[in-house]
Amino acid sequence: MTRAEMVLSALFYQSRCTRNDVLTFLMFQLFINNEWQDAVSGKTFPTINPASGEVICQVAEADEADVEKAVKAASNAFRLGSPWRRMDASHRGLLLNRLADAIERDAAYLAELETLDNGKPYAVAYAVDLPTVVKCLRYYAGWADKWEGKTIPIDGDYFCYTRHEPVGVCGQIIPWNFPLLMQAWKLGPALATGNTVVMKVAEQTPLTALYVASLIKEVGFPEGVVNILPGMGPTAGAAIARHMDVDKVAFTGSTEVGHLIQQASGSSNLKKVTLELGGKSPNIILSDADMEYAVEQSHFALFFNQGQCCCAGSRTYVQADVYDEFVERSVERAKKRVVGDPFDLKTEQGPQIDQEQFNKILGYISSGKREGAKLMCGGGIAADRGYFIQPTVFGDVQDNMTIAREEIFGPVMQILKFKTLEEVVTRANDTKYGLAAAVFTKDIDKANYVSSGLRAGTVWINCYDVFGAQAPFGGYKASGVGRELGQYGLDNYTEVKTVNTVPIKNLFSALVVCLLHTSLPLCTVLSAAVFPPKNDKKAKFLLFSTKKFNLQNA
Amino acid sequence: MHQSGGTASASPTERKHYSLSSQPANGYEHQSGNGFNHQDHNSQNADGLETNALPTPIANPQIVYTKVFIGNEWHESCSGRKIPVYNPTTEKLLCEVEEADSDDVDKAVRSARAAFQMGSPWRSMDASDRGHLLNRLADLVERDRLLLATLEALNCGKVFLMAYFVDLMATIKTLRYYSGWADKIHGKTIPVDGEYFTYTRHEPIGVCGQIIPWNFPLMMFVWKIAPALCCGNTVVIKPAEQTPLSALHMAALIKEVAGFPPGVVNVLPGYGQTAGCAISHHMDIDKVAFTGSTAVGKLIQKAAGESNLKRVTLELGGKNPNIVFADCDLEYAVEQAHSGLFFNQGQCCLAGSRVFVEEPIYEEFVRRSVEKARSKVLGNPLLPGVDQGPQIDQKQFDKIMELIESGKREGATLECGGSPGGQQGLFIQPTVFSNVRDHMRIAKEEIFGPVQQIMCFRSINEVIQRANATQYGLAAGVFTNDINKALTVSSALQAGMVWVNCYNAMSIQCPFGGFKMSGNGRELGEYALQEYTEIKAVTIRISQKSS
C-alpha cells in the first residue's frame, strides 16, 4: 500500500468510526481458555490515554491466582493427545495465517486502538506496526511445517534421528512500546512450533492485545493455547517467572527486570529464558557518508516511536571533520519534527507512554545539562496536558556522562565526536549493552571493519531500524539472551529430542507416529480403515469407504 | 459464550471475511470437544463443509478457458490448430482448446524472459510478497474447489470424491507450503580462509519449462509452479494434451490473484512431440522439469544436452515393490496393497505394482486381494459409490489390455478381471495376477492400469535383491511389525521413498523422487527448492579478519 492509499484508507475509516465506537468492540477481562474472565481478586486497573492523561477504561488485573489458572489451561492444552498436540503442523501454520488475515481485516481498528492506548501516531501505527505484525505472523505460519529434525549417521549399528518438539507452556511478558508487534513476535514462533502461551501484556497498553485475543478465538485456536493476562510486573509477571509449571519464559523490557527474570528462573524450575532488554546503541557516521541521508536516518534512528525503542540510536558518533555540520543539520531536523495529536496524520511524534517515563526523561535532560553537555534544542515539555516532550538534541556529549551511558527511552539525541575508526569502535563497545549499531560510510572496507568490530546483535550499514521478520534480532551482553525473529527465533521455542535405537517397541511406535503424523494428503483418505471416522464430511466419506471395506470382509 | 462474535461480525471495517476455510485435516477442530465450539469457527462455514452432505460435482460446468495463456492474456495458437479434449468416461468431446507448438513456445519464453529481466516487478518483489501471492492463489483454489474437482473428474476420469479430497487438498496445501518457503530460502555466510568475507545467495534459475502428465493434472501443475515461483523463477508450463482444463482454470486464477506480473506464468496446452519438444530444446529456457514416462525422460535429458545444457529434473516411471512379511497385520496390508495399486485407476507412477508376499501368508493374501478387487465398483466417476473410473484414453487402454494378455501368455495366474469393464468405454476390470515371475513383462514393465501382480518370496535377502532388480527406483513399501526387518529393508531398497506399514503416504513436506531411471532430483519438501535455485558465492576482500 502506498502512503497515499494508506492515508485515504485511514481517512475513510475515521469518517465512519468515532472515537467512542472504539471500545464497543472490546472485552476488558482476562482471556483464559478461550473465555473472558474477571480477575480472581476482582481487581481492575485503569488504562490511560497518554495524549490526554485521561482514563480510557478499567481492565481486569491479573495476579498470581490468575496466572495459576492460565498455566493450568495452557498445560491442559499441551497435554499429550490434546487437539493442539495432535494437530498437523501445517494446520498450526494455517491458523497463524488466518490470524494474520483477521488482523489485516481489522487493521484500521487495531491501529486506532493502539494509538489511543499507546500514543504513537496513527499514521505510523497503521502503516508500520500493523503491516509488520501481519508479516511476522505470516512468516511464522510458513515455518510451522518446515522446522525439520535430522537423521544422523552415528557410529555403530544404530539409527539416530532428532525431533524438534515444543518446549511446553511458555510465559511471555511484553512491553508497552510496540504492544501489537511484540505480541506477534512472541506468539508467532511459540505457536508455529506448537507451544502453549501465557502472555502478560503491559499494564500501560492492554487493549490491542485483548482484541487480538478475540481474533485468536475467532480463527479457531483450541482453548488454552493462548491465554492473555493484563497485569503488573511485580505480581503477574513475577508469578509467571517463578512458576514451577511454566517451561519457558520470554521477556522483553528493561535490563533491570531482565535480571529479575533470570534469577526467578534460577530459583524456581530452571525454565528456559530468553530476554530482549535495553540498549545504548551506537550509530557511527564516517566523514565520507552522504550527509543529508545520514542526518535523516540518525534522526529517525533516535526519534522514531517517541524515542521509545530498545534499539534507538542513542549515541550518534560523528567523525570530527563533519561533526559541526552534522549537529547543525540534526538540530534543524529536530526542530522541524511535528509533535502533537497522534490522530493528526501530519504528526510525527506523540506523547510518551506515562507520567513515570515522562518524569524520568526530563530527569535525564536535566542531568545532561548539569554534566556539561550542550543543549542544542528542545529540553522541555511540549504541551500542557498529556506526556509530550520536545525533540531534544545534545551536542558535545562525553562518554562518561549519564546521558551517554544510560538508556533514556525518550526523544533525546546525544551527538558525540570521534577521530579514528579504531577509537570509535572501542568507544562504541564500551557499554554493558550490545543490542544494535549502525555505520554510515561509502567505503566498503570501513563498513566491514566497523561492522565486524562492533559487539552488537544487529548492525545496520547505511540504514537504521531495518527490520524483517526474516532477520534475527537480539542482544549481546546485557542487552539480552537469545534471538527473536527469523529461523533463529524458532530455537527459543524448541526442545531437540535425539532418538537412538532404543528398546524395539518404543522406536517402532515412534517411527509409526512419525510417519502417520506427517499430514499425509493421500494417506488421510487412502488409509481410511486405520483412523476412526470423525464427524466431518471427509470422515463421512471415509466411513463410506470403510463400510465398503467391511462389507468386503464380511 | 460468543464474546468474540462481536469482533467477528461487527468488525469495524465490515469487510468480508476471506474465504479461508479449508477442510480440517484430521477433524481435530472437533476434538476440542464440547460441540458448541463449532459456532466459533465461523470461517469454516463458508464453503458449507459443516453441513451433512458430501460435496457433489457441479452439473454441466461451463468450460470457459480454452486458449493459450501468455503474459497474463489469452491467445489463439499461432498455427490456428486446436486440440480436441475428451471426457474419457463417455469418450465424447468436451471442448477444443488452442494447440500451442514451437511458435507459441517462443512467444511464451519471450514473455517469461521479459518478466525475469533484472529490475522487473517480479525480480524486485519482496520474497514474502511472492509467498503471499501463492497463499492468495491457494485461497482462490479453495473457493473454486468444487469446480476444479469436477473438471478433474470430467477431463481425467478421476473419481470425483478422490479429486475433491485428495487432489484438491494436496493442491491447496502445496501452494500454502511453498508460500511459506519464499522468504526462508537462506544463503549462508562462510568462514573462508584468508582476508575475505564470503556469502551465498540462492537465486532463481530463470525461465523454467515444465511439462506435466495427465494422471494428476492439477496436483502436478502446482507441484511444478509452486516451488518455481516461490524461488522467484518464471514458468512456461505445458499441461498434457489429454487434460488441459484444470491447468487453464489455474491460469485464470493466477490472473485473478492480481499480483503475478505478466509473463511469470505461461500455460501452453500442446502435444509432447511439438510443444514439449520445443521447450526441452529451447536455447533460452534455463531449466526443464518433466513428469512422465521414462522413455520421454530420456528424450528430455538428451534435448538438454543437445541445446543449452539446461538443468533437468525428471519424475519418471516406477515398478514399485511392496513387500509384505508374514508377521504383519494381514488385513491392513491387503487393504494398503490394494489401494497402493488401484488408486487413480492404477495410473500412478507410485503404484505398488510388484507385491512381494512372504510364503506363509501368500495364498491367504492372494485370496483376500482378489476379494477386494472384485468388490470394486466401476462406473461414471461423477456418481457417488463409484470407486474406479475409466482409463485416460484408447492408447493407454490398449497398452494395458496388451500387457494383461502377455501376463496370461507368459503363465501368470489370472485371479480376477482381465477384461474391459462393460460393453463400451475405457473401463478395465480390476485385475489380479498371482504366481507372477520376475522375468515376466507384467513384472518388469510399468502397466499404469488396474492390474496387480502378486509374487511369493521366502527370505529377506532374496526379496531385497529381487525388489532392487529393476531399472526403476521410485517408491517401495514394507509391511512388518518387526523393527529390525523394517529398518533393514528400508535401508537396503533402492527407492526414493520407502513406506513402512503404509503406502502412498505422501505429504508436501516430504521429498518425492526417484533413484535410477525413475528420475533426477526431488520434488516437494525443502529439497525441491534446490531444483529451482542457482547458488551464487560472493567473496569480498576485506582489510582485516575478525572472528
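Counting from 1, residues in each chain are numbered in the order their sequence is written. Chains carry letters from A onward and ligands carry numbers from 1 onward, assigned in written order. The model is predicted, so local features are restricted to residues of pLDDT at least 70 and side-chain atom pairs to those at 80 or more, both for listing and for counting; the totals for chains, interfaces and linings are taken over all residues. In computing side-chain values, all of the structure's heavy atoms are included and hydrogens and water are not.

Residues and elements named next belong to chain B. Known as pLDDT, the predictor's confidence for each residue is given on a scale from 0 to 100. Predicted confidence across chain B gives a mean pLDDT of 91, with 90% of residues reaching 70 or more. Counting interchain partners and residues more than four positions distant, the pLDDT-below-50 stretch residues 1-51 has 124 contacts. At the level of chain-chain contacts, confidence expressed as ipTM amounts to 0.80, with global pTM at 0.85. Two residues form a contact once any of their heavy atoms are found within 4.5 Å.

Moving on, we get to a nonpolar patch on the surface. A patch is a set of surface residues, each over 30% in relative accessible area and not in a salt bridge, joined within 9 Å for like charges and within 5 Å for the nonpolar side chains Val, Leu, Ile, Met, Phe, Trp and Tyr. Note on areas: Shrake-Rupley, 1.4 Å probe, and residue coverage restricted to the protein chains presented here. Each salt bridge in this description consists of a side-chain nitrogen of Lys or Arg and a carboxyl oxygen of Asp or Glu lying within 4 Å of one another. Residues I152, I154 and Y158 of chain A make up a contiguous nonpolar surface patch of roughly 260 Å² in combined accessible area. As for its placement among the helices and strands, I152 of chain A is situated in strand β5 (residues 151-152). Comment: elements are numbered from the N terminus, with helices defined as DSSP H or I runs of at least four residues and strands as E runs of at least two.

Turning to the domain arrangement of chain B, a few remarks are in order. Residue and element names in this part refer to chain B. Domain borders in the structure are assigned automatically or taken from a domain database. Taken as a whole, chain B is organised into domain 1 (68-316 + 524-534) and domain 2 (321-511). A separation of 30 Å is found between the C-alpha centroids of domain 1 and domain 2. Facing 30 residues of domain 1, the contacting portion of domain 2 comprises 31 residues. Here domain 1 packs against domain 2, burying approximately 2,400 Å² in sum over the two surfaces, 68% of which is carbon and sulfur. Accessible-area loss on putting two parts together, using a 1.4 Å probe and summing over both, is the definition of buried area adopted here.

Residues and elements named next belong to chain B. Each residue is assigned to one of three classes by its accessible area relative to the maximum for its type, calculated with a 1.4 Å probe on protein chains only: buried under 20%, partly exposed between the two thresholds, exposed over 50%. Here strand β8 (residues 234-238) lies mainly inside the structure; five of its five residues are buried. Both faces of β8 are covered, namely the face carrying T234, V236 and K238 and the face carrying V235 and I237. Every crossover in which the path from the first strand over the helix to the second runs clockwise, viewed with the strands pointing away from the viewer, is termed right-handed. Crossover handedness for the path strand β7 (residues 207-211) to helix α6 (residues 217-230) to β8: right-handed. Two strands qualify as a pair provided DSSP detects at least 2 bridges between them. As defined by bridge partners, β8 adjoins strand β9 (residues 265-267) across three bridges and the pair is classed as parallel. Bridge assignment links I237 to a residue of β9, and that residue is V267. In this fold, the crossover linking β8 to β9 by way of helix α7 (residues 245-256) has right-handed handedness.

Residue and element names in this part refer to chain A. By the assigned domains, chain A splits into domain 1 (18-276 + 489-497) and domain 2 (282-469). Relative placement of domain 1 and domain 2: their C-alpha centres are 31 Å apart. The interface of domain 1 with domain 2 comprises 30 residues on the first partner and 28 residues on the second. Overall, the association of domain 1 and domain 2 removes approximately 2,200 Å² of surface from exposure, summing both partners, and the carbon and sulfur fraction of that is 67%. The largest contributions to the domain 1 side of the interface with domain 2 come from P50, P121 and W176, which together make up 24% of the buried area. Viewed at the interface, domain 2 and domain 1 are joined by one salt bridge.

What follows concerns the pattern of salt bridges. Side chains that carry opposite charge are capable of pairing whenever their charged atoms lie near each other. Residue and element names in this part refer to chain B. Per the stated rule, a full pass over the model turns up 52 salt bridges over all chains. A salt bridge links E76 to K67, with the shortest nitrogen-to-oxygen separation between them at 3.0 Å. A salt bridge links R143 to E256, with the shortest nitrogen-to-oxygen separation between them at 2.6 Å. Remark: E256 occurs in helix α7 and R143 occurs in helix α3 (residues 127-143); sequence separation between them is 113 residues. Assessed through its relative accessible area of 41%, R143 is described here as partly exposed. When salt bridges with common partners are traced through the structure, they connect E331, E364, R367, R368 and E371 into a single cluster.

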